[in-house]
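Examining the three-dimensional arrangement
The residues making up each chain are set out below.
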Amino acid sequence: MYFQHVYDKSLAQASYFIGCQAKGVAIVIDAQRDMDVYLKIAKQNNMKITHIAETHIHADFLSGSRELASVTGAKMYLSDEGPKEWQYEFDHEGLHHGDTIKVGNLSLEVLYTPGHTPESISFLLTDHPATDKPVMIFTGDFVFVGDIGRPDLLEKAAGLIGTQEKGAKQMYESVQRFAQLPEYVQVWPGHGAGSACGKALGSVPSSTVGYEKVRNWAFQFASNEEGFVDYLLDGQPEPPKYFAMMKHLNKVDRPLLVEVPKHTKLGKDQFLSAYKDGLKVIDTRNKVDFAKGFLPNSINIQGNNSFSTWAGWLLNYQEQFVLVAEETQMDDLTRKLMRIGLDNIYGFIEDVNDLGVELQTADVIDIEEFKSLVGKDDVQVVDVRNTTEYSAGHVNGADHVFVGALSDNLDKISKDKQVVIHCQSGDRAAIAYSVLRKNGFENVKNYSGGIKEWLEKGNETVKN
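Let us now look at a nonpolar patch on the surface. On the surface, a nonpolar cluster with roughly 220 Å² of combined accessible area is contributed by Val71, Leu256 and Val258. Within the element layout of this structure, Leu256 appears in the loop between α7 (243-249) and α8 (268-276). With relative accessibility at 35%, the residue Leu256 sits in the partly exposed group.

Here you go:
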C-alpha cells in the first residue's frame, strides 16, 4: 500500500492519496480544488487515480473531486445517505452503509457516521495483502484528534433551523458505534488545529481509536446523551460567512477550474481605472507595512495561513477585486482563494507608492496610550475577537464586535467617540481597522498589542 497525507495549512484541511502499488491504482479522499498535487503524486509513483471519494458535502472548502475526475476519468464515490435534500446533484457512484470500494488489493468499507452533516460517511481501510483486519479509518469531519465535528453548521451557516440538535444526537450515536472499532485502527481526520469545523482540534495529524477513547472529550459521555449534546453545542466558533456558499457549490453542478489561473499584473492606468470604478482592493502585505501607507478604501488581509478564511468572511462571490501582492506570492494566494471558490481576481499590483494616490496611515498605539484611554466616557473600546475568546476574558468595559461580522454591525461602532480596537495579537485588528476606515470611520486607533500583551504586562481581564 502507498499512503500520502496531503495537508493544506491555510484551511487546516487534510486529504488522502492511497494506492495499491501491486496494481498501480489509487483513490483520493476529500480532494482540494487545486488538484495538481494528486496528479504529481500519481506520476511520481507510477499510479493511476481510478477512484475519488468524499466523506461529506463540505462547508469549509470547495472540493476538487469533480476537477480531478474530469482530468483523470476516475469515478466519484459519494454518499447517498441522509435526506434527499442533502445529497449530491451530479452524477456519481452512490454509497451506503456497508458498501465496499475496492482499489486494487485494498478495500474501503463505508460506515454511515451522521452528525456533522446528515450524509456524512467514513471509510474503513483494509490492506488485504498484509491483513484481513482494518488498519485505518478516514473520518472526514466526524472524529478529529481530540474533538469531533460540529453539528450546527447547517443551522448557522446554511440557515436550516432546528438541525443542530438533531445533528448532535446523531453524532452521539455515531460516536458510540465508532467506539466499538478495534483500538489499534489509525484515525485520519479531515481537519487539524485551526479549522472552524470544531472547537478543540488537536495539531497532531492522526490518532488511533484507542487513543481517542481515552483522550477525546466526546468519548467521556458514554451514558449521558444530554450532557454530550450540551457540551458539543456550547462554545462553537462563528462559522465563516463563506461556508453557506461552499455547502451549495459542493452539492450542485458547477463550472470546473482544472488549472491554477495566472493573473495579470496591472499597469498604473489599468489599475487606477478599476480603482476609480470602485473595484475592491485587498492589500495582502503584512500589517506593519500596511499601517505605514495604504490605499484609501483598501482592506488589509495578510497573505498568511489565515488569508483564505478572512477573505471568505469579507468578499462575496459576485464582485471582482484586486490584490496588492508580490508577483512571487500570486500562485500561493490564488490557490488559497480558489480553494474556497473566490475566482474573481481582476489582477494585482505590487507597489502602492507609485500610483499617484495619496496614501493613508494607520493610527497604531502602544499599551500605555491604550491604558490612558480605557474607561473614558468619550472612548469606545471594541474587542474584535470571536465570542468565545471575548467571554473567556476581556478588558473591562470593552464592547464586542467580531471582525468577521464587522461590516454587518457598523451601527454598533460610535461615530461620536474615539474608537479603539484590538484583538488577541494584532492581525484581526489590522483587518478591522481597514474595514472601519473603508466605511468612513476616521476617529479610530488600533491597539495592536492586543489581549496577549495586555495580560503579559500584568493587567486583568473580566469574564462574561
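The discussion continues.
Another aspect to go through is the packing of aromatic side chains. Going through the model one piece at a time under the given rule, you end up with 22 aromatic pairs. Taking 5.6 Å as the distance between ring centres and 45° as the angle between the ring planes, the aromatic pair formed by Phe178 and Phe219 counts as tilted. Of this pair, Phe178 sits in helix α4 (residues 163-178) while Phe219 sits in the loop between α5 (209-215) and α6 (225-233), placing them 41 residues apart in sequence. Note on Tyr242 and Phe243: the rings are 5.1 Å apart at their centroids and 85° apart in plane angle, and the pair reads as edge-to-face. For Tyr242, a relative accessible area of 3% corresponds to the buried category. By relative accessible area, Phe243 is classed as buried at 1%. What links up through ring pairs into an aromatic cluster is the set Tyr172, Trp217, Phe221, Phe228 and Tyr231. Positioned above the aromatic ring of Phe90 is the side chain of Arg66, whose terminal nitrogen or guanidinium carbon lies 4.8 Å from the ring centre. Cation over ring: Lys251 sits above Trp86, and NZ or CZ is 4.8 Å from the ring centre.

Turning our attention to the packing of helix α10 (residues 307-314) against helix α11 (residues 330-338). One can describe the packing of α10 onto α11 by two numbers: an axis separation of 9 Å at closest approach and a directional angle of 55°. Put simply, α10 runs oblique to α11. The chirality of how α10 crosses α11 is right-handed. Note on element contacts: α11 touches α10 through Leu333, Lys336 and Leu337, opposite Phe307, Ser308 and Ala311. Each residue belonging to the contact of α10 with α11 can be placed in one class, and the counts come to 4 nonpolar, 1 polar and 1 charged.

Here is what the cut-offs are and how they apply
Note on numbering: residues in each chain are counted from 1, in written sequence order. Local features in this predicted model are restricted to residues of pLDDT 70 or higher, and side-chain atom pairs are both shown and tallied only at a pLDDT of 80 or more, whereas totals for entire chains, interfaces and linings draw on every residue. Excluded from the side-chain calculation are hydrogens and water; included are all heavy atoms of the structure. Exposure above 30% relative accessible area and the lack of any salt bridge qualify a residue for a patch; like charges then connect within 9 Å, and the nonpolar side chains Val, Leu, Ile, Met, Phe, Trp and Tyr within 5 Å. Per-residue and other accessible areas were derived by the Shrake-Rupley procedure at a 1.4 Å probe size, with only the shown protein chains allowed to occlude residues. We count a salt bridge whenever a side-chain nitrogen from Lys or Arg sits within 4 Å of a carboxyl oxygen from Asp or Glu. Secondary structure is summarised from DSSP: a helix means a run of H or I of at least four residues, a strand means a run of E of at least two, and numbering begins at the N terminus for each. Summary of the burial criterion: residues with accessible area below 20% of their type's maximum are buried, those above 50% are exposed, and those between are partly exposed, where the area comes from a 1.4 Å probe applied to protein chains only. Aromatic pairing here means that ring centres of Phe, Tyr or Trp (its six-membered ring) are within 6.5 Å. Orientation follows from the plane angle: under 30 degrees is stacked, over 60 is edge-to-face, and everything else is tilted. The rule is short: NZ of Lys or CZ of Arg within 6 Å of the ring centre and within 35 degrees of the ring normal puts a charge over the ring. Between the N-to-C directions of two axes lies an angle of 0 to 180 degrees, each axis being a line fitted to C-alpha atoms and, for a helix, fitted only over the stretch in contact. Oblique is the label for any angle not under 35 degrees, not over 145, and not in the 65 to 115 range, which are roughly parallel, roughly antiparallel and roughly perpendicular in turn. A clockwise turn of the near helix away from the far one marks a right-handed crossing, whereas an anticlockwise turn of less than a right angle marks a left-handed crossing. Note on definitions: a residue-residue contact is assigned when non-hydrogen atoms from the two residues lie within 4.5 Å. Side-chain classes are defined by residue name, with Ala, Val, Leu, Ile, Met, Phe, Trp, Tyr, Cys and Pro counting as nonpolar, Asp, Glu, Lys and Arg as charged, and the others, Gly among them, as polar.

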